[in-house]
Amino acid sequence: MIDQHGRNIEYIRISITDRCNFRCMYCMPDTGISKVNHEEILTYEEILRLCRILAGMGITKVKITGGEPLVRGNVPYLIKKIRKIPGIENVTLTTNGMLLKENIRELAEAGLDAVNISIDALDEKIFEKIAGRKGLAQVLEGLEEALKYPNIRVKVNCVLLEGMNESQWMKLAELAKDRLIDVRFIEMMPIGYGKQYCGETEAHVRQMLEKTYGRITDVQGKFGNGPSTYVKLEGFQGKIGFISAMSHKFCAECNRIRLTSGGWLKPCLQYAAGADLKRILRENGSDQELEAVMRKTIYEKPVSHHFEQRNQIGFENKKMSEIGG
Ligand code: SAM
Ligand code: SF4
């Protein structure tokens, strides 16, 4: 569906839980997080109902996220059902990888198209410091296992934090050297605990890549659902990507909306504004009512974020673990 600024909205990110088995310092640190009550989290049947209506409105791509989606049971069931909805062409998952190894076979059978694995460090100590938990070896096993499924595209996502894991950029980039993996560097956004940290910019990572590997070539074209841009390095099988909401505002091409684990439809990551779909679902609202509210919310999607104005009225206060990134 087309919003008021002429953008085609075709992609939804759905957070299916705010729970996580990690405690990343910039997302869900050990202290200070209040959890959404279980009964406040949308059931799979509620999510599926929304997906069916959204598919009729032109949504073709769905990303399952969290919290950590794989800590919720039966994710392959949900993915299989979403994948079968007429109009849905692409279902992907974002995970920290901890539970990927034991789940990937069923996820593949369910029709998963791609998986993004978040890895912020390949040094065990740094990994544990950021993730708040041990688990690097298990995450890497999950990554290797996922690569055994040719129908599933595998990407690695990394957020580089100043003074924390910026030393890890090269090891992470080199995951793309001998394997068909795209490694993407995401700029830190001032949402939730992310407000407390300073992230590395795309320009800085590009500079380091050029210094180390020589000329880097921009790759034209669209790969995946979102706003990533990619470069190719000589001799690398995979690409290196950037998701740079801070230094390269990509709002004019934004094609996405979000659904929080608590059933709040969010047209823009930065603003708290949106629609309480859970209330309509649980007050026995009709499909027509849900569709009308979703259409209005999507149509009114803000023209762009203003992450630089952190104290403005309406700035999102939810944590990233509830929104899903
Ligand atoms: N647990 C899963 C994972 O880590 O991939 C899915 C949810 S997590 C919220 C999704 C992505 O959001 C992760 O790659 C994480 O690094 C990223 N993220 C969390 N907080 C962020 C922030 N403030 N700015 C940019 N990315 C953030
Ligand atoms: Fe969990 Fe992902 Fe947030 Fe880390 S980034 S705490 S793995 S939800």
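This structure is a prediction, so every number in the text was calculated from the model and none was measured.

**Structural notes on the site of ligand 1**
1) Next: With respect to spatial proximity, 19 residues lie near ligand 1, and among them Y26, G67, T94, S118 and M189 are the closest.
2) Next: At a separation of 3.2 Å, a nitrogen atom of ligand 1 approaches a polar side-chain atom of E68.
3) Next: Side-chain polar atom of S118 to an oxygen atom of ligand 1: 2.5 Å apart, as the coordinates give it.
4) Next: When isolated, ligand 1 has an accessible area of 540 Å², and the protein chains bury 94% of it.
5) Next: Class assignment of the residues belonging to the shell around ligand 1 gives a composition of seven nonpolar, ten polar and two charged.

**A word on the pattern of salt bridges**
Think of it this way: side chains of opposite charge can pair up when their charged atoms draw near.
1) Next: Applying the stated criterion to the full structure yields 22 salt bridges.
2) Next: K134 serves as the salt-bridge partner of E128, at 3.3 Å between the closest nitrogen and oxygen.
3) Next: You can call K134 exposed: its relative accessible area is 62%.
4) Next: Linking R206 and E202 is a salt bridge whose minimum nitrogen-to-oxygen distance equals 2.8 Å. Remark: E202 and R206 occur in helix 7 (residues 202–213); sequence separation between them is four residues, near one turn of the helix.
5) Next: Linked through salt bridges whose partners overlap, the residues forming this network are R23, D30 and R133.

**Notes on the side chain of K266**
1) Next: Within the element layout of this structure, K266 appears in strand 11 (residues 264–266).
2) Next: Taking relative accessible area as the criterion, K266 reaches 0% and is therefore assigned buried.
3) Next: When sequence neighbours within four positions are dropped, the list of residues in contact with K266 reads I257, R258, T260, Y271, A272, A273, E316 and I323.

**Remarks on the packing of helix 2 (residues 75–83) against helix 3 (residues 100–110)**
1) Next: Packing of helix 2 against helix 3 brings their axes to within 8 Å, and their N-to-C directions diverge by 15 degrees. Relative to helix 3, the element helix 2 is oriented roughly parallel. Pair helix 2 / helix 3 crosses with right-handed handedness. Mapping the contact onto sequence places V75, P76, I79, K80 and R83 in helix 2 and E106, L107 and A110 in helix 3.
2) Next: Grouping the constituent residues of the contact of helix 2 with helix 3 by class yields five nonpolar, no polar and three charged.

What counts and how
Residues numbered from 1 in each chain as written. Chains lettered and ligands numbered in written order. Predicted model: local features only at pLDDT ≥ 70, side-chain atom pairs only at ≥ 80, totals over all residues. Heavy atoms only, no water. Near = heavy atom within 4 Å. Polar contact = N/O pair within 3.5 Å; in protein donor to acceptor, adjacent residues only side chain to side chain. Areas by Shrake-Rupley, 256 points an atom, 1.4 Å probe, with all protein chains shown as cover. Nonpolar A, V, L, I, M, F, W, Y, C, P; charged D, E, K, R; others polar. Salt bridge = Lys/Arg side-chain N within 4 Å of Asp/Glu carboxyl O. Buried < 20%, exposed > 50% of the residue type's maximum accessible area, 1.4 Å probe, protein only. Helix = DSSP H or I, 4+ residues; strand = E, 2+ residues; numbered from the N terminus. Contact = heavy atoms within 4.5 Å. Axes fitted to C-alpha atoms, helices over the stretch in contact; angles between N-to-C directions. Parallel < 35°, antiparallel > 145°, perpendicular 65-115°, else oblique. Left-handed = near helix turned anticlockwise from the far one by under 90°.

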